Amino acid sequence: GSLFLNNDVEYTLNTIKKYIFRFLRCLFLFGLIYSLLFQVYQKKNLSVDMLIGAIKNILSGNLWGHTWYIYMIIGIYILIPIVKPFFKKSSDQEVIYCMIIIFLFNALLPWIEKVLDFNIAFTLPLKEMYIF
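Report on the accompanying structure. (Residues numbered from 1 in each chain as written. Predicted model: local features only at pLDDT ≥ 70, side-chain atom pairs only at ≥ 80, totals over all residues. Heavy atoms only, no water.)

Focus: the overall build of the protein
Tallying secondary structure elements over the protein gives five helices and zero strands in all. Taken from N to C terminus, the helices and strands of the protein fall in the order α-α-α-α-α. For the protein, long-range pairs separated by at least 24 residues make up 51% of all intrachain contacts whose partners lie at least 6 apart in sequence. In the structure as shown, the protein presents an accessible area of about 10,000 Å², 68% of it carried by carbon and sulfur atoms. (Helix = DSSP H or I, 4+ residues; strand = E, 2+ residues; numbered from the N terminus. Contact = heavy atoms within 4.5 Å. Areas by Shrake-Rupley, 256 points an atom, 1.4 Å probe, with all protein chains shown as cover.)

Here it is as structure tokens:
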């Protein structure tokens, strides 16, 4: 996020689409290969159903653990047009307040819920730890 937000580069919709499609191509190419290899290793054969299963694995994020960052980078690119103007125009105090709120709702409260085994009703629509 710092690399995107702390520079003067303007990200146009065309630039963002270009980068998102690059990462999607990477995700589908390597995700397809990894998913098919895993299925072939388990079942010792290759079929059309395995190809459909591989595509479902890619869309559901059910790939090997090291591919999680590709999904996150795509999400960051999608959020840049919304987040960057906020960070350019807001004061340091507003940024700190925003970071505290995001940390509380997306990192601290889920941890407290898990420790206490109790669901807290207050949530944010973007409930993902990695947004912080």
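Thoughts on the packing of helix α2 (residues 13–43) against helix α4 (residues 68–89)
Angle between the axes and distance between the axes: these two values describe a pair of packed helices. It is at 10 Å that the axes of α2 and α4 come closest, and there the two elements cross at 165 degrees. On the basis of their axis angle, the class for α2 and α4 is roughly antiparallel. Taken as a pair, α2 and α4 cross one another with a handedness that is left-handed. Counted together, Ile16, Tyr19, Ile20, Phe23, Leu24, Cys26 and Leu27 of α2 and Ile70, Tyr71, Ile73, Ile74, Tyr77, Ile78, Ile80 and Pro81 of α4 form the full contact between these two elements. Looking at the contact of α2 with α4 residue by residue, the class counts come to 15 nonpolar, no polar and no charged. (Axes fitted to C-alpha atoms, helices over the stretch in contact; angles between N-to-C directions. Parallel < 35°, antiparallel > 145°, perpendicular 65-115°, else oblique. Left-handed = near helix turned anticlockwise from the far one by under 90°. Nonpolar A, V, L, I, M, F, W, Y, C, P; charged D, E, K, R; others polar.)

Some thoughts on α4
Its 22 residues give α4 an end-to-end C-alpha distance of 31 Å, which sits within 8% of 32 Å, the value for a rise of 1.5 Å per residue. At Ile80, α4 shows its largest kink, close to 60 degrees, and the proline Pro81 lies no more than four residues downstream. (Expected span 1.5 Å × (residues − 1). Bend = angle between axes of the 7 residues up to and from the residue.)

Details of the nonpolar core
Core analysis: the largest hydrophobic core is formed by ten residues, namely Tyr11, Ile16, Ile20, Leu27, Ile58, Leu63, Ile70, Ile74, Tyr77 and Ile80. Those elements that place two or more of their residues in this core are α2 and α4. Ignoring sequence-local partners within four residues, the contact set of Ile16 consists of Tyr11, Tyr77, Ile80 and Pro81. (Core = buried A, V, L, I, M, F, W, Y, C linked by side-chain atoms within 4.5 Å. Buried < 20%, exposed > 50% of the residue type's maximum accessible area, 1.4 Å probe, protein only.)

With respect to helix α3 (residues 48–60)
Compared with the 18 Å implied by 1.5 Å per residue over 13 residues, the 19 Å span of α3 between its first and last C-alpha is a close match. On its buried face, α3 sits against α2 and α4. Backbone geometry just downstream of α3 places Gly61 in the positive-phi region, at approximately 75 degrees.

Comments concerning the packing of aromatic side chains
Summed over all chains, the structure comprises four aromatic pairs. Measuring from ring centre to ring centre gives 5.3 Å for Tyr19 and Tyr77, while their planes differ by 15 degrees; the resulting arrangement is stacked. Placement of the pair is Tyr19 in helix α2 and Tyr77 in helix α4, with a sequence separation of 58 residues. Assessed through its relative accessible area of 7%, Tyr77 is described here as buried. Look at Phe23 and Tyr77: their rings are 6.1 Å apart centre to centre, the planes differ by 40 degrees, and that puts the pair in the tilted class. Of this pair, Phe23 sits in helix α2 while Tyr77 sits in helix α4; the two residues are 54 residues apart in sequence, bridging distant segments of the chain. What links up through ring pairs into an aromatic cluster is the set Tyr19, Phe23 and Tyr77. In this structure, Lys44 is placed above the aromatic ring of Tyr41, and the distance from its NZ or CZ to the ring centre is 4.8 Å. (Phe/Tyr/Trp six-rings, centres within 6.5 Å; stacked < 30°, edge-to-face > 60°. Lys NZ or Arg CZ within 6 Å of the ring centre and 35° of its normal.)

Some details on the packing of α2 against α3
At a minimum axis separation of 9 Å, α2 and α3 run at an interaxial angle of 125 degrees. Considering the angle they form, α2 stands oblique to α3. Between α2 and α3 the crossing geometry is right-handed. Residue-level contacts link Leu27, Phe28, Gly31, Leu32, Ser35, Leu36, Gln39, Val40 and Lys43 of α2 to Met50, Leu51, Gly53, Ala54, Ile55, Asn57, Ile58 and Leu59 of α3. Grouping the constituent residues of the contact of α2 with α3 by class yields eleven nonpolar, five polar and one charged.

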